[in-house]
Amino acid sequence: MKQHLRDLLELTKPRITVFVVLTAFLGFAAGTDGPLAGLDAVLLLHTLLGTALVASGTSAFNEIAEVDLDRRMARTATRPLPAGRLPLAEAIGFALLLSLLGVGELWLFANGITAFLAALTLTSYVFVYTPMKTRSPLSTIVGAIPGALPPLGGYTAAAGAIGAPGLALFALLFLWQMPHFYAIGWRHREDYGAAGFRILSTVDPSGRSSARHALAFGLLLVPVSVLPTFLGTAGVVYAAGALLLSAWFAGTTVRFFRETTDKAAKSMFLASIAWLPAIVVLLLADRVAGG
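Residues numbered from 1 in each chain as written. Predicted model: local features only at pLDDT ≥ 70, side-chain atom pairs only at ≥ 80, totals over all residues. Heavy atoms only, no water.

Trainee: Summarise a nonpolar patch on the surface; cite the residues concerned and give the values.
Mentor: The grouping of Trp107, Leu108 and Phe109 at the surface amounts to a nonpolar patch, some 390 Å² of accessible area in total. Following the sequence through the fold, Trp107 ends up in helix H5 (residues 88-109). Judged by relative accessible area, Trp107 falls into the exposed class, the value being 57%. (Patch = residues over 30% accessible without salt bridge, like charges linked within 9 Å, V, L, I, M, F, W, Y side chains within 5 Å. Areas by Shrake-Rupley, 256 points an atom, 1.4 Å probe, with all protein chains shown as cover. Salt bridge = Lys/Arg side-chain N within 4 Å of Asp/Glu carboxyl O. Helix = DSSP H or I, 4+ residues; strand = E, 2+ residues; numbered from the N terminus. Buried < 20%, exposed > 50% of the residue type's maximum accessible area, 1.4 Å probe, protein only.)

Okay, here's the thing in structure tokens:
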């Protein structure tokens with residue numbers, strides 16, 4: 001029973017869900033008027049719970065759709081579905097339950113816009129991005145769209161409408177994902193190639209395309225990272241910190257461009273993992289300090 005529960009949990013990719021919830025919280029904070037101490041804690045709880053459920057259901061559906069591909073890759077062959085530890089029918093029912101509960105939670109306790117964005121995240125990720133990965137390298141850019149929607153959903157839950165601060169967070173997350181995914185794609189290019197994924201690292205084994213794209217998005221992230229300050233949702237402390245963090249992150253994309261190696265890709269990947277929570281903490285700290 002314990003193994004079965006662990007397999008169900010693994011199906012939801014909990015580490016990704018944590019990142020999704022973190023960015024939704026950031027969006028909620030940006031959409032809250034006045035001091036953060038006055039935010040609606042009950043609404044926040046419903047927003048984060050609904051977001052977590054939809055994110056978990058999306059990940060589960062993704063693993064269901066890619067079970068045959070996962071069997072071909074060493075890094076994913078031991079997952080519950082390709083390893084045969086979970087029945088496919090049970091996994092589908094579990095994913096559907098999580099998704100419906102999540103969208104319903106957001107519809108009933110947040111608002112229709114937030115529920116719609118969550119449903120859009122799920123459908124675009126599962127039915128557009130997932131099948132596109134075996135057809136075109138553009139899938140990475142397409143997949144970054146649902147990946148950047150959670151902070152916008154958090155914003156609309158608090159503000160009740162789509163606004164510029166929420167769209168700025170969407171842009172931040174969109175740009176951040178690109179070097180992050182190009183690093184993963186390059187480091188696991190042999191696995192992805194064996195499974196039939198058509199991403200930049202498999203269609204261009206030299207790595208030059210991956211490096212150019214990572215560099216372009218990494219450099220663009222630097223000016224975009226200060227948008228919250230220009231839109232009034234953060235102060236100069238955040239702007240200074242965001243510029244430093246983003247310049248450091250962009251520096252790893254420059255290194256990857258100059259020397260397209262596994263070591264450089266790992267550095268870029270680790271920088272991406274550090275950048276996101278650091279930006280979240282910085283923006284929240286600046287918001288608290290500024291009242």
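Trainee: Could you give an account of the side chain of Thr47, with specific residues and numbers?
Mentor: By the element assignment, Thr47 lies in helix H3 (residues 41-65). Its relative accessible area of 0% is what places Thr47 among the buried residues. Beyond its immediate stretch of four places on either side in the chain, Thr47 contacts Phe28, Leu106, Ala110, Gly154 and Ala157. (Contact = heavy atoms within 4.5 Å.)

Trainee: Pulling in residues and values, what's your account of helix H7 (residues 139-159)?
Mentor: Within an α-helix, residues lying three or four positions from one another point in the same direction, as the helix has 3.6 residues per turn. Compared with an ideal rise of 1.5 Å per residue, which puts 21 residues at 30 Å, H7 spans 31 Å between its outermost C-alpha atoms and is within 8% of the ideal. Buried residues dominate H7, accounting for 15 of its 21 residues. In the stretch just after H7, Gly160 is the one whose phi turns positive, near 85°. (Expected span 1.5 Å × (residues − 1).)

Trainee: Summarise unusual backbone geometry; cite the residues concerned and give the values.
Mentor: With glycine set apart, most residues show a phi of negative sign, and most peptide bonds adopt trans. Here the phi dihedral of Lys13 falls at roughly 50°; this positive angle occurs in a residue that is not glycine. Mapped onto the elements of the fold, Lys13 is located in the loop between helix H1 (2-11) and helix H2 (14-31). Under the relative-accessibility criterion, Lys13 is labelled buried at 15%.

So yeah, pure geometry; function would need other evidence.
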